[in-house]
Amino acid sequence: MSHTLPLPDFTHERVEVITGRRSGLFIAVALHSSVLGSALGGARLWTYPHWSDALGDALRLSAAMTLKNAAAGLDAGGGKSVIALPEGTILDAERRRAAFLDLGDAVESLGGLYRTAEDVGSTTEDMLVVSERTEHVVGLPDAVGGSGEPAGPTSLGVYESLRATLERVTGSADVSGRRITVSGMGQVGSRLAVRLAAEGAVLTVTDVNPAKRDLALELGAHWSVPGEEHLVPADVFVPAGIGGLLTDDVIDTLDAKAVCGPANNPLAARSGADRLAARGILYAPDFVVNAGGVIYLDLEAKKLGTRAEIMDRVSHIGDTLRTVFDEAESRGVTPLEAAEGLAAERLAAGDRGHALAH
């Protein structure tokens, strides 16, 4: 992992840490909060320098999921799971299957308080393996009647958030002719870049995988050397890779009017929100921007509407972000603080309801 961060404060309800009995891999399942309902958050398969880095990632990501699900208005708590690969490890098909069976056992041990799904490094097919060991998994392949890949809904929410951000910093939500830098061309970043290119944005893109340069050429986008993309002048900088990209050094040299992207926890430190504000750079909180996938997965799993109705709800993420920007401006705080306040209100109400039920 390229951005090693210190362990966060421990504010979690429960964390299961195991060595998979089949795979021998470190697996962490972090349940941050079930105040609003059974927690929902994906399973990340990633390479880490040390098991403590994987644990820290699970703790940070699960806490962010609590904020994300609460701010999105879902009756779902926050959780996350991580399968850690030691550096240099390449999984063959047999050991990969073993890892996700092990994950299924770990998820099952929480008795339904946490539901997992695909995430960075994992797929809907991996979730099908998890479902052999637990029913507490969402986002199974379409072929077996599941909700399928959530990257499309996530990308839609990011696109609508980007429009709301552009509107705030340029006066128009139109992406045509706007300079947009996408850092990370994975499932969501690539989908977003394709749409932005089709609508006439002036794109700069990058990814740690040099093969993604082919897509950049297809889109007519400028390719930046990874690690230098923040230096390219942009209306909006879109972090779409792993977390921790926005260090103090990156923020101090970032040449953009705003930051709005799908990466979880893009700020290396919470103080980065204040640092961006001090430079006059608008920050769209990640857990508001990237909520499209979890909205889709949660509502699909609970059969709360048709797919068209659920996607319509996802498309209103931009309106939620506009509310956050308005609240931040009226209170004189950062958008991050305003968004956290929105989530805290729902969590406080849920906690009161939970207490009354007992």
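Quick note: structure is the one above.
On a predicted model such as this, the values are computed, not experimentally measured, just so you know. (Residues numbered from 1 in each chain as written. Predicted model: local features only at pLDDT ≥ 70, side-chain atom pairs only at ≥ 80, totals over all residues. Heavy atoms only, no water.)

Engineer: Hey, could you go over the packing of aromatic side chains for me, with residue numbers and the actual values?
Structural biologist: Under the definition given, this model contains 1 aromatic pair. On the basis of an interplanar angle of 35° and a centroid distance of 5.9 Å, the ring pair of Phe26 and Trp51 is categorised as tilted. Taken as a pair, Phe26 in strand S2 (residues 26–33) and Trp51 in helix H1 (residues 51–71) lie far apart in primary sequence, 25 residues in all. The aromatic ring of Tyr159 is capped on one face by Arg195, whose charged end is 3.6 Å from the ring centroid. (Phe/Tyr/Trp six-rings, centres within 6.5 Å; stacked < 30°, edge-to-face > 60°. Helix = DSSP H or I, 4+ residues; strand = E, 2+ residues; numbered from the N terminus. Lys NZ or Arg CZ within 6 Å of the ring centre and 35° of its normal.)

Engineer: Can you break down the sheet that holds strand S12 (residues 282–283) residue by residue, with the values?
Structural biologist: Pairing within the open sheet is parallel, and its 6 strands lie in the order S9-S8-S7-S10-S11-S12. Both edges of this open sheet fall to strand S9 (222–223) and S12, since each of them pairs with a single strand only. The pairing of strand S7 (residues 179–183) with strand S8 (residues 202–206) spans 5 bridges and is classified as parallel. Looking at S8, one finds that Val182 is bridged to Val205. (Pairing = 2+ DSSP bridges.)

Engineer: Describe the pairing of strand S4 (residues 43–48), listing the residues and the values that go with them.
Structural biologist: Examined bridge by bridge, S4 and strand S5 (residues 78–86) share 6 bridges and lie parallel to one another. From the neighbouring strand, Tyr48 faces S5, where its bridge partner is Pro86. The β-α-β motif built from S4, the intervening H1 and the parallel element S5 has right-handed crossover chirality. (Right-handed = clockwise from strand over helix to strand, strands pointing away.)

Engineer: Pulling in residues and values, what's your account of the layout of surface pockets?
Structural biologist: The volume enclosed by the largest pocket comes to roughly 1,200 Å³. Along the walls of the largest pocket sit 50 residues, with Arg44, Val120, Ala240, Gly241 and Ile242 positioned nearest its centre. Listed by contribution, the elements that provide at least two residues to the lining of the largest pocket are S4, H1, helix H4 (151–170), helix H5 (187–198), strand S10 (234–239) and helix H10 (292–301). Here the lining of the largest pocket is built from residues that sort into 22 nonpolar, 19 polar and 9 charged. Its boundaries defined by the atoms lining it, the second largest pocket holds a volume of some 660 Å³. Contributing to the lining of the second largest pocket are 24 residues, with Pro8, Arg60, Ala63, Asn265 and Arg270 lying nearest its centre. If you list the elements that add at least two residues to the lining of the second largest pocket, you get H1, helix H9 (286–289) and helix H13 (335–357). (1 Å grid on protein atoms, 1.4 Å probe; cavity = no way out; pocket = protein on both sides within 12 Å on 5 of 7 lines; lining within 4 Å. Points joined across faces, edges and corners; volume = space filled by probe spheres on them. Nonpolar A, V, L, I, M, F, W, Y, C, P; charged D, E, K, R; others polar.)

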